Amino acid sequence: MTAIHDFGLSAIEQIAINAHDIDRAVNFYRDKLGMKHLFSVPPNLAFFDCDGIRLMLSLPARPEFDHPSSIIYFRVDDIQQAYRTLSERGVIFEETPAFVADMGSYNLWIGAFRDSENNLLALMSHVAKPT
(Lines give C-alpha, C1' and ligand atoms only; values in the text may rest on other atoms or scores of the structure.)
Protein backbone atom coordinates (compact mmCIF):
# COMPACT_ATOMS: atom_id res chain seq x y z
CA MET A 1 0.00 0.00 0.00
CA THR A 2 2.92 2.39 0.66
CA ALA A 3 4.09 2.36 -2.99
CA ILE A 4 0.68 3.57 -4.13
CA HIS A 5 0.73 6.45 -1.67
CA ASP A 6 4.35 7.37 -2.48
CA PHE A 7 3.70 7.59 -6.23
CA GLY A 8 3.81 11.05 -7.80
CA LEU A 9 4.46 12.43 -11.25
CA SER A 10 7.70 14.37 -11.65
CA ALA A 11 9.60 13.96 -14.92
CA ILE A 12 8.30 15.32 -18.22
CA GLU A 13 9.22 13.20 -21.26
CA GLN A 14 7.41 15.11 -24.02
CA ILE A 15 5.35 18.25 -24.55
CA ALA A 16 2.95 18.57 -27.50
CA ILE A 17 2.32 21.88 -29.24
CA ASN A 18 -0.39 22.38 -31.84
CA ALA A 19 0.63 23.53 -35.29
CA HIS A 20 -1.42 24.19 -38.38
CA ASP A 21 1.53 24.20 -40.79
CA ILE A 22 4.24 21.73 -39.74
CA ASP A 23 6.86 23.01 -42.22
CA ARG A 24 6.38 26.60 -41.04
CA ALA A 25 6.55 25.49 -37.40
CA VAL A 26 9.71 23.42 -38.01
CA ASN A 27 11.37 26.43 -39.62
CA PHE A 28 10.42 28.63 -36.65
CA TYR A 29 11.61 26.25 -33.92
CA ARG A 30 14.75 25.15 -35.78
CA ASP A 31 15.84 28.37 -37.48
CA LYS A 32 14.53 31.15 -35.25
CA LEU A 33 14.66 29.49 -31.82
CA GLY A 34 17.74 27.40 -32.67
CA MET A 35 16.29 24.18 -31.25
CA LYS A 36 17.72 20.79 -32.23
CA HIS A 37 15.38 19.09 -34.72
CA LEU A 38 15.35 15.37 -33.91
CA PHE A 39 13.11 13.98 -36.66
CA SER A 40 9.85 14.46 -38.53
CA VAL A 41 7.04 12.05 -39.35
CA PRO A 42 5.42 13.58 -42.43
CA PRO A 43 2.94 14.98 -42.94
CA ASN A 44 1.93 16.03 -39.42
CA LEU A 45 4.61 15.49 -36.74
CA ALA A 46 8.01 16.99 -35.90
CA PHE A 47 10.14 16.45 -32.81
CA PHE A 48 12.76 18.65 -31.14
CA ASP A 49 15.12 18.19 -28.19
CA CYS A 50 14.76 20.58 -25.26
CA ASP A 51 17.66 19.48 -23.06
CA GLY A 52 16.30 15.96 -22.75
CA ILE A 53 12.59 16.76 -23.01
CA ARG A 54 11.04 16.07 -26.39
CA LEU A 55 8.90 18.80 -27.93
CA MET A 56 6.35 17.46 -30.42
CA LEU A 57 4.76 19.72 -33.02
CA SER A 58 1.60 18.20 -34.40
CA LEU A 59 -1.55 18.98 -36.29
CA PRO A 60 -4.60 18.82 -33.99
CA ALA A 61 -5.87 15.22 -34.15
CA ARG A 62 -9.49 16.21 -33.50
CA PRO A 63 -11.39 19.53 -33.45
CA GLU A 64 -11.53 19.61 -29.65
CA PHE A 65 -7.71 19.63 -29.58
CA ASP A 66 -7.47 22.65 -31.90
CA HIS A 67 -6.50 25.37 -29.42
CA PRO A 68 -3.32 27.18 -28.37
CA SER A 69 -0.94 25.24 -26.16
CA SER A 70 -0.14 25.99 -22.55
CA ILE A 71 2.64 28.53 -22.09
CA ILE A 72 6.05 26.88 -22.16
CA TYR A 73 8.76 28.75 -20.27
CA PHE A 74 12.28 28.20 -21.60
CA ARG A 75 15.00 28.82 -19.01
CA VAL A 76 17.94 30.82 -20.33
CA ASP A 77 21.10 31.96 -18.56
CA ASP A 78 21.17 35.49 -20.02
CA ILE A 79 17.67 36.72 -20.85
CA GLN A 80 18.85 39.98 -22.42
CA GLN A 81 21.20 38.15 -24.81
CA ALA A 82 18.52 35.57 -25.63
CA TYR A 83 16.06 38.42 -26.31
CA ARG A 84 18.54 40.16 -28.65
CA THR A 85 19.41 36.94 -30.50
CA LEU A 86 15.81 35.87 -31.01
CA SER A 87 14.76 39.39 -32.01
CA GLU A 88 17.55 39.44 -34.62
CA ARG A 89 16.14 36.17 -35.98
CA GLY A 90 12.73 37.80 -36.43
CA VAL A 91 10.98 36.62 -33.26
CA ILE A 92 8.44 39.26 -32.19
CA PHE A 93 8.12 39.68 -28.43
CA GLU A 94 4.78 40.56 -26.85
CA GLU A 95 6.49 41.23 -23.54
CA THR A 96 10.12 42.29 -23.47
CA PRO A 97 12.16 40.72 -20.66
CA ALA A 98 11.29 42.31 -17.34
CA PHE A 99 11.78 41.78 -13.62
CA VAL A 100 8.98 39.68 -12.14
CA ALA A 101 9.97 38.74 -8.59
CA ASP A 102 12.71 38.78 -5.99
CA MET A 103 13.28 35.09 -5.29
CA GLY A 104 15.69 35.65 -2.43
CA SER A 105 18.96 34.44 -3.95
CA TYR A 106 18.17 35.77 -7.47
CA ASN A 107 15.72 37.95 -9.41
CA LEU A 108 13.24 36.25 -11.72
CA TRP A 109 12.89 37.81 -15.20
CA ILE A 110 10.40 36.77 -17.92
CA GLY A 111 9.78 37.78 -21.54
CA ALA A 112 7.07 36.39 -23.87
CA PHE A 113 6.64 35.83 -27.61
CA ARG A 114 4.45 33.85 -30.01
CA ASP A 115 5.57 31.07 -32.29
CA SER A 116 4.64 30.76 -35.97
CA GLU A 117 1.41 29.00 -34.95
CA ASN A 118 0.31 31.74 -32.49
CA ASN A 119 1.19 29.73 -29.35
CA LEU A 120 2.51 31.85 -26.49
CA LEU A 121 6.04 30.95 -25.36
CA ALA A 122 8.26 32.63 -22.79
CA LEU A 123 11.83 33.04 -21.66
CA MET A 124 12.60 32.79 -17.96
CA SER A 125 15.90 33.66 -16.31
CA HIS A 126 17.38 33.60 -12.82
CA VAL A 127 19.27 36.91 -12.82
CA ALA A 128 21.95 37.52 -10.23
CA LYS A 129 21.14 40.35 -7.84
CA PRO A 130 23.30 43.46 -8.12
CA THR A 131 26.01 43.57 -5.49
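Source: prediction; values computed, not measured.

Novice: Teacher, can you tell me more about a nonpolar patch on the surface here?
Specialist: A cluster of nonpolar side chains, Leu38, Phe39 and Val41, forms an exposed patch at the surface whose accessible area comes to about 230 Å². By the secondary structure assignment, Phe39 is in strand β2 (residues 36–41).

Novice: I'm lost on the sheet that holds strand β7 (residues 107–114) in this one. Help?
Specialist: In sheet architecture, strand pairing relies on hydrogen bonds along the backbone and comes in two forms, parallel and antiparallel. Overall, mixed pairing links the four strands, which are arranged β5-β8-β7-β6 in an open sheet. What marks the edges here is a single partner per strand, and that holds for β5 (72–75) and β6 (93–102). Between one strand and the next, the sheet's axes are offset by a mean angle of 25°, whatever the strand orientation. With six bridges joining them, β6 and β7 adopt antiparallel strand pairing. Of the residues in β7, the one forming a bridge with Phe99 is Trp109. Relative to β6, helix α3 (residues 79–88) is tilted by about 175°, and along the sheet it contacts β6, β7 and β8 (120–127).

Novice: Even after reading the chapter, I still don't get the pattern of salt bridges, so can you show me in this structure?
Specialist: A side chain of one charge can pair with a side chain of the opposite charge when the charged atoms of the two come close. Under the counting rule described, the total for this entry stands at six salt bridges. Of the charged contacts in the structure, one is a salt bridge between Arg24 and Glu117, with a shortest N-O distance of 2.8 Å. You can see Arg24 sitting in helix α2 (residues 22–32) and its partner Glu117 sitting in the loop between β7 and β8, a full 93 residues away along the chain. By relative accessible area, which is 40% here, Arg24 ends up partly exposed. Note that Arg114 and Glu94 form a salt bridge whose closest N and O atoms lie 2.5 Å from each other. In this pair, Arg114 sits in strand β7 while Glu94 sits in strand β6, placing the two residues 20 residues apart along the sequence.

Novice: So what exactly am I meant to see when it comes to the pairing of β8 here?
Specialist: Along a regular strand, successive side chains alternate from one face of the sheet to the other. Alignment of β5 against β8, held across four bridges, turns out to be parallel. Considered in β8, the bridge of Tyr73 is made with Ala122. Between β7 and β8, which pair antiparallel and follow one another directly, the connecting turn spans five residues, one of which, Asn118, has a positive phi of 75°.

Novice: So what exactly am I meant to see when it comes to the packing of aromatic side chains here?
Specialist: To describe a pair of aromatic rings, one takes the distance between the centres and the angle between the planes. Applying the stated rule across the entire model yields five aromatic pairs. Taken together, the ring pairs connect Phe28, Tyr29 and Phe48 into an aromatic cluster.

Novice: Hey, could you run me through the side chain of Ser69 in this one?
Specialist: Relative to the helices and strands, Ser69 resides in the loop between β4 (53–58) and β5. Of the residues examined, Ser69 reaches a relative accessible area of 17% and is grouped as buried. Excluding anything up to four places from it in sequence, Ser69 contacts Ala16, Ile17 and Asn119.

Novice: Even after reading the chapter, I still don't get α2, so can you show me in this structure?
Specialist: Given 3.6 residues per turn, any residue in an α-helix points the same way as the ones three and four places further on. Within α2, burial applies to Ile22, Ala25, Val26, Phe28 and Tyr29. Considered in projection along α2, the buried side chains sweep an arc of 160° and stay on one side of the axis. If you follow the buried residues of α2, they end up packed against β1 (14–18), β2, β3 (45–50), β4, β7 and β8. The opening residue of α2 is Asp21, an N-cap whose side-chain oxygen sits 3.2 Å from the backbone nitrogen of Asp23. Among the residues trailing α2, Gly34 stands out with phi positive, at a value near 75°.

Cut-offs used in this document
Residues numbered from 1 in each chain as written. Predicted model: local features only at pLDDT ≥ 70, side-chain atom pairs only at ≥ 80, totals over all residues. Heavy atoms only, no water. Patch = residues over 30% accessible without salt bridge, like charges linked within 9 Å, V, L, I, M, F, W, Y side chains within 5 Å. Areas by Shrake-Rupley, 256 points an atom, 1.4 Å probe, with all protein chains shown as cover. Salt bridge = Lys/Arg side-chain N within 4 Å of Asp/Glu carboxyl O. Helix = DSSP H or I, 4+ residues; strand = E, 2+ residues; numbered from the N terminus. Pairing = 2+ DSSP bridges. Axes fitted to C-alpha atoms, helices over the stretch in contact; angles between N-to-C directions. Contact = heavy atoms within 4.5 Å. Buried < 20%, exposed > 50% of the residue type's maximum accessible area, 1.4 Å probe, protein only. Phe/Tyr/Trp six-rings, centres within 6.5 Å; stacked < 30°, edge-to-face > 60°. Arc of directions from axis to C-beta. Polar contact = N/O pair within 3.5 Å; in protein donor to acceptor, adjacent residues only side chain to side chain.

That's the geometry; what it means functionally is another story.
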